[in-house]
Amino acid sequence: MSLIKKIGMGTSLLRAKVTGRRFPFMINWAITGRCNLRCKHCYGAYGDLQREELPADIIFRTIDQLQEMGTRRITIEGGEPLVRRDIVDIIDYINSKGMEISLCTNGILLDKYISRIYRKVDLIVLSLDGRQEYNDWLRGKGTFTKTLHAMETAAGYNVRTLVFATIIDNNINDIEYLAELIKKYRANITYNIAVAKLDAAGRNALNKVDDEQYRNVVKRIIKLKQNGYPVYYSDKNYRQALHWPDFKKECYLPAEISALSASRRKYLIPCFAGRRFAFIEANGDVYPCYQTVGTLAVKNIKTDGIRASFNHLQTLNYCQACYNLTLAELNLQADLDMGSVFKVIKNYFWPG
């Protein structure tokens, strides 16, 4: 079934690329703002900044509308999505519409639900940010062990697993350690560079390492890929990060891109957020992507519906290139970049 979903997704994207049609082929959806952890680097400050949560009837109605709009994949996230008591009903409903499902979870509650969702979820995304001491300082005591247990749980049910590692400061020395660890579980790993954190005052950058150290990290990740480690994203994505002009600047507006030299611009990956994918916040606000949350005047699916909320995004002025490796890979997929497409095929048929 998942292969059929992949083919349908590719067909829809090809049609959109030829015609220029705007449609949300993929939705990232924070279905709750609640979380059972308090990670120090959480970009949305979930668990601290409590948000209104959408009731199930609005979620189901929106899923119906997304299917009509052509959505092929929904990534369920939060907060922690497994804290919702109706999470199985939500997964069941998305699956009944023939959409691919990715579940982003810290894994703490996975044992409770895995037997009811494993046939319907195409990918489980877990988080691990370094060796046990660093990871538990960042995410909470015991989270390292619990994440490894969640990987074992997913593997026991033969569910594809991706481990997401956020690179900030001291854990730049744990790149190779994580790759070696994840390889043992026949999972994949992706590394991302930490983005600004949303708080009551807006988006504020984290204290991170300098540009030279980040470039060195990217070189090491590329070397891991070349040596056969299960690094998830495509070469073009890492090349953009390697040549990113200034890591103190997370993204560029269109006018700022035009001001860059041609040698700088050639590595930038065009942004399709708000054109071929979007992000739904826990309260129903619809943004181009999660990195723009709190920075734009957007519409809400409760009052405006998903179609009007998505169409509103084309009227807004927001960034059109960023160093976020996850979003950059999604942009490559949305543009049917062949390197990214081949990477998807490899990850699907030969994971880990």
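Owing to the predicted nature of the structure, the values given are computational and were not obtained by experimental measurement. (Residues numbered from 1 in each chain as written. Predicted model: local features only at pLDDT ≥ 70, side-chain atom pairs only at ≥ 80, totals over all residues. Heavy atoms only, no water.)

### Here's the deal with the pairing of strand β5 (residues 161–167)
In step 1: Most of β5 sits out of view: seven of its seven residues are buried.
In step 2: Judged by which residues are buried, β5 turns out to be covered on both faces: Thr161, Val163, Ala165 and Ile167 on one side and Leu162, Phe164 and Thr166 on the other are all buried.
In step 3: Alignment of strand β4 (residues 123–127) against β5, held across four bridges, turns out to be parallel. Considered in β5, the bridge of Ser127 is made with Phe164.
In step 4: In this sheet, strand β6 (residues 188–193) lies alongside β5 in parallel orientation, the contact comprising six bridges. Counted as the bridge partner of Leu162 is Asn188 from β6.
In step 5: A crossover links β5 with its parallel partner β6, the connecting element being helix α7 (residues 175–184), and its sense is right-handed. (Buried < 20%, exposed > 50% of the residue type's maximum accessible area, 1.4 Å probe, protein only. Helix = DSSP H or I, 4+ residues; strand = E, 2+ residues; numbered from the N terminus. Pairing = 2+ DSSP bridges. Right-handed = clockwise from strand over helix to strand, strands pointing away.)

### A few points about the nonpolar core
In step 1: Ranked by size, the top nonpolar core spans 81 residues in total, and within it Trp29, Ile74, Ile76 and Tyr191 carry the most contacts.
In step 2: Among the elements that line this core, the one with the most residues is helix α8 (residues 211–226), at six residues.
In step 3: Not counting residues within four places of it along the chain, the set of residues in contact with Ile74 comprises Ile27, Trp29, Ile63, Leu66, Ile94, Met99, Glu100, Ile101 and Ser102.
In step 4: Of all hydrophobic cores here, the second largest spans 30 residues; its members include Ala16, Tyr46, Phe272 and Tyr318. (Core = buried A, V, L, I, M, F, W, Y, C linked by side-chain atoms within 4.5 Å. Contact = heavy atoms within 4.5 Å.)

Read these as layout, nothing more, since geometry by itself doesn't imply function.
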